[in-house]
Amino acid sequence: MSLADREEARVRDVLAGLAVPLVPAGLAAEAARRGRRTRLRRARLRRAGWVLLCCAVLVFAVWAARARPWAVPEEVTTPSYPRW
């Protein structure tokens, strides 16, 4: 038996002695359930974000239409005094 064969046999003995962890029975179903729940939560958050964005745009449009911030304000001057 050569040195390489002995080392290979030693590695095989070590690997054979290792306990392989068992996967729980419902792991795949639980992962699918959590993934579905996460996907639905993200979809709801995305939808709520779009609704809030649309509301903000609508409120800004109404404010801009009423306040007209782009218009030059009227000059306020002192009224003339008639008795001069």
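It should be noted that the structure appears before, not after, this text.
1. Structural notes on the pattern of salt bridges
Under the definition given, this model contains three salt bridges. Between Arg-12 and Glu-8 there is a salt bridge, and its shortest N-O distance comes to 2.9 Å. Of the two residues, Arg-12 and Glu-8 both sit in helix H1 (residues 3-17), four residues apart, roughly one turn of that helix. What makes Arg-12 exposed here is its relative accessible area of 55%. Note on Glu-8: relative accessible area 40%, which makes it partly exposed. Here Glu-30 makes a salt bridge to Arg-33, at a shortest N to O gap of 2.6 Å. Within this pair, Glu-30 and its partner Arg-33 are both found in helix H2 (residues 27-67), separated by three residues, close to a single helical turn.

2. Topic: the packing of aromatic side chains
By the definition in use, this model includes one aromatic pair. Each ring, one from Phe-60 and one from Trp-63, has its centre 5.8 Å from the other, and the planes form 40 degrees; the classification is tilted. Of the two residues, Phe-60 and Trp-63 both sit in helix H2, three residues apart, roughly one turn of that helix. A relative accessible area of 46% places Trp-63 in the partly exposed class.

3. Brief notes about a positive patch on the surface
Side chains of Arg-37, Arg-41, Arg-42, Arg-44, Arg-46 and Arg-47 sit close together on the surface and give a patch of like positive charge. Using a relative accessible area of 56% as the deciding quantity, one classes Arg-44 as exposed.

Criteria and cut-off values
- Within each chain, residue numbers correspond to sequence positions counted from 1 in written order.
- Local features in this predicted model are restricted to residues of pLDDT 70 or higher, and side-chain atom pairs are both shown and tallied only at a pLDDT of 80 or more, whereas totals for entire chains, interfaces and linings draw on every residue.
- Side-chain numbers come from the whole structure's heavy atoms, not from hydrogens or water.
- Salt-bridge detection follows one rule: a side-chain nitrogen of Lys or Arg within 4 Å of a carboxyl oxygen of Asp or Glu.
- Helix and strand definitions follow DSSP, with helices as H or I runs of at least four residues and strands as E runs of at least two, each counted in order from the N terminus.
- Here the term buried applies to any residue with accessible area under 20% of the maximum for its type, exposed to any over 50%, and partly exposed to those in between, with areas from a 1.4 Å probe on protein chains only.
- In summary, the pairing rule links any two rings of Phe, Tyr or Trp, Trp by its six-membered ring, whose centres are within 6.5 Å, and it sorts them by plane angle into stacked for under 30 degrees, edge-to-face for over 60 and tilted for everything else.
- Only residues whose relative accessible area exceeds 30% and that take part in no salt bridge are eligible for patches, with like-charged residues grouped when within 9 Å of each other and nonpolar side chains (Val, Leu, Ile, Met, Phe, Trp, Tyr) grouped when within 5 Å.
- In short, Shrake-Rupley with a 1.4 Å probe defines the accessible areas, and a residue's cover is counted only from the protein chains shown.
- Positive charge is attributed to Lys and Arg, negative charge to Asp and Glu, and no charge count is given to His or to the chain ends.
- Here the site of a charge means atom NZ of a Lys, CZ of an Arg, CG of an Asp or CD of a Glu.

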